[in-house]
Amino acid sequence: MRPWRSALRTMLALGLALVLAGCADLGYYWQSASGHLGVMRAARPVDDWLADPTTSAALKAKLELTQRIRRFAVTDVGLPDNRSYTGYADLHRRAAVWNVVAAPRYALTLETWCFPVAGCVGYRGYYDEALANREAEVQRAKGLEVSVYPVPAYSTLGWLNWAGGDPLLSTFIGYPEGELARLIFHELAHQMLYVPDDTRFNESFATAVERIGGARWLASRAGDAARAEYAQFDLQRQQFRALALSTRQQLEGIYGSNEARAGDWPAVEAMKQAAMRDFHARYAQLKAGWSGPRQNAYDAWVARANNAMFGAQAAYDDLVPAFEALHAREGGDWPRFYAEVRRIAALPKAERLRALQALQPATAAAYTREVALRGTLAISISPSKNGHNGG
């Protein structure tokens, strides 16, 4: 298909979303449509990049690696076999989109926005950072705590595979091998299954698929150097997530305390600020034990840390142990696992959550042992499973 025809069909499809959304958010949906169209226009088939003599050797090596990961996603993880991640786009910017998240001053419950197809989610994405910051100011004016954070990749949920699918992006192509594999598995998992209006279910499911699939890739396909690189990368991530989880649990206790129920907000504020000071101090202690190029990897997250950031991180982690337990219960068989996830997804939301929570206890102890082995307990916090965007 000629590129202009593909672009036209894409714009028509996204334009339909504008009509369905009504006029109130016309400007937002226009930036979404034109922003994604810009990404697709920048994309070229991976084979074209590989054949181009101006493509650097480093980029060629990464692109070849992604195609091996892509095949593994289909043959070994049971993910969709389509055109997604068979093209590459250099966006010439540091993020694919910027997400805006907001939460009340004394709660971790995220504000939600509702969209055609995707349903209601706890964030609002922008292709232009300035527009994201403008929306953040609107939310702050409502008295909410707000954060804007960069997102390296997103999924169109398979709706645009006819137009070329989701491309590989310059915003994540340089990731370590294990992390690159996990990201591709995560985004393809959204194409496998997506439940409108349930961000926690969707993100926890995709995170479980990326964790299990990523571990299998590293064990069976990666070399020793890639495994060592990833082990250091993942150790820092797990340590930071455990720290963030500990703080999140502390904040939840404060917001549900007797003082909060009595409306003693000065006391609640004092406890909250003490918890945040403790978070920053423990992060500094944790970071002092790190070295290498990722020593400062979480500085920006910590600088933005507030109720909105802690609430957003929870969406990616809370139900991951349940999905991992389900995968183990099904004998590690991907088709059986996906079939059971679809069955649970079809339940009413409250029943869906109860079904997953019933699976959680079996994995809680195993996860604590895993974290202990990784050294996370050395920072003296309480680690339970607690990020694709929380680090």
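Scroll up to find the structure.
Residues numbered from 1 in each chain as written. Predicted model: local features only at pLDDT ≥ 70, side-chain atom pairs only at ≥ 80, totals over all residues. Heavy atoms only, no water.

K.L.:
Describe in detail the state of the cysteines, supporting the description with residues and values.
P.N.:
Among covalent bonds in proteins, the disulfide is the one between the sulfur atoms of two cysteines. In the structure shown here, the tally under the stated rule is 1 disulfide. Between the sulfur atoms of Cys-114 and its disulfide partner Cys-120 the distance amounts to 1.8 Å. One disulfide, between Cys-114 and Cys-120, carries an S-S torsion of 95° and so falls in the right-handed class. Judged by relative accessible area, Cys-114 falls into the partly exposed class, the value being 46%. A residue is classified by how much of its surface remains accessible, and Cys-120, at 24% relative accessible area, is partly exposed. (Disulfide = S-S within 2.5 Å. Buried < 20%, exposed > 50% of the residue type's maximum accessible area, 1.4 Å probe, protein only.)

K.L.:
Would you mind going over the packing of aromatic side chains in detail, with residue names and values included?
P.N.:
On inspection of all chains with the given rule, the structure shows 25 aromatic pairs. Seen from their ring centres, Phe-72 and Trp-217 are 5.2 Å apart, and the 85° between their planes marks the pair as edge-to-face. Pair noted here: Phe-72 is in helix 4 (residues 57-75) and Trp-217 is in helix 7 (residues 199-220), with a separation of 145 residues, a long-range link. The pair Phe-72 / Trp-217 is uniform in exposure class, with both members buried. Three or more aromatic residues joined by ring pairs form one cluster here, namely Phe-240, Phe-279, Tyr-283, Trp-290, Tyr-298, Trp-301 and Phe-310. We note Arg-44 situated over the ring of Trp-49; from NZ or CZ to the ring centre the distance is 4.3 Å. The ring centre of Phe-201 lies 5.7 Å from the NZ or CZ of Arg-352, which sits over that ring. (Phe/Tyr/Trp six-rings, centres within 6.5 Å; stacked < 30°, edge-to-face > 60°. Helix = DSSP H or I, 4+ residues; strand = E, 2+ residues; numbered from the N terminus. Lys NZ or Arg CZ within 6 Å of the ring centre and 35° of its normal.)

K.L.:
Run through the packing of helix 6 (residues 177-192) against helix 8 (residues 224-255), naming residues and quoting values.
P.N.:
At a closest axis distance of 7 Å, the pairing of helix 6 and helix 8 adopts a crossing angle of 65°. For the pair helix 6 and helix 8, contact is made by Glu-177, Gly-178, Glu-179 and Arg-182 and by Ala-226, Glu-229, Tyr-230, Phe-233, Asp-234, Arg-237 and Arg-241, respectively. (Axes fitted to C-alpha atoms, helices over the stretch in contact; angles between N-to-C directions. Contact = heavy atoms within 4.5 Å.)

K.L.:
Which residues make up the pattern of salt bridges, and what values do they have?
P.N.:
One pass over the structure, following the stated rule, counts 21 salt bridges. Glu-210 is paired through a salt bridge with Arg-182; the nearest N and O atoms lie 2.7 Å apart. Of this pair, Glu-210 sits in helix 7 while Arg-182 sits in helix 6, and the two are 28 residues apart along the sequence. The class for Glu-210 is buried, based on a relative accessible area of 4%. Judged by its relative accessible area of 4%, Arg-182 falls in the buried class. One salt bridge in this structure joins Arg-211 and Glu-324, with 2.5 Å as the shortest N-O distance. With Arg-211 in helix 7 and Glu-324 in helix 13 (residues 320-329), the pair connects residues that are 113 residues apart, well separated along the chain. Overlapping salt bridges bring together Glu-179, Arg-182, Glu-210, Asp-234 and Arg-237 as one network. (Salt bridge = Lys/Arg side-chain N within 4 Å of Asp/Glu carboxyl O.)

K.L.:
Describe the nonpolar core, listing the residues and the values that go with them.
P.N.:
Formed by 88 residues in total, the largest nonpolar core has its most connected members in Leu-79 and Phe-205. When residues of this core are assigned to their parent elements, the largest contribution, 9 residues, is made by helix 8. Apart from the residues within four sequence positions on either side, Leu-79 is in contact with Ala-73, Val-74, Phe-185, Leu-188, Ala-189, Met-192, Val-209 and Tyr-338. By size, the runner-up hydrophobic cluster in this structure holds 15 residues, among which are Ala-102, Val-121, Ala-136 and Val-148. (Core = buried A, V, L, I, M, F, W, Y, C linked by side-chain atoms within 4.5 Å.)

K.L.:
Can you break down the environment of Glu-179 residue by residue, with the values?
P.N.:
Within the fold, Glu-179 resides in helix 6. A relative accessible area of 11% means that Glu-179 is categorised as buried. Separated by 32 residues in sequence, Glu-179 and Arg-211 place their C-alpha atoms 9.6 Å apart. Excluding residues within four positions of it along the chain, Glu-179 makes contact with Tyr-230, Phe-233 and Arg-237. A distance of 2.8 Å separates the side chain of Glu-179 from the side chain of Arg-237, its partner in a polar contact. (Polar contact = N/O pair within 3.5 Å; in protein donor to acceptor, adjacent residues only side chain to side chain.)

K.L.:
Describe the sheet that holds strand 6 (residues 124-126), listing the residues and the values that go with them.
P.N.:
Spatial strand order, 6-3-7: 3 strands in an open sheet with antiparallel pairing. Because the sheet does not close on itself, it has two edges, and the strands there are strand 6 and strand 7 (145-151). Shown here is a sheet whose adjacent strand axes are inclined to one another by a mean of 25°, direction ignored. Bridge analysis of strand 3 (residues 97-103) against strand 7 gives 7 bridges, and the strand direction is antiparallel. What sits directly across from Trp-98, in strand 7, is Pro-150. (Pairing = 2+ DSSP bridges.)

On their own, these measurements won't tell you what the molecule is for.
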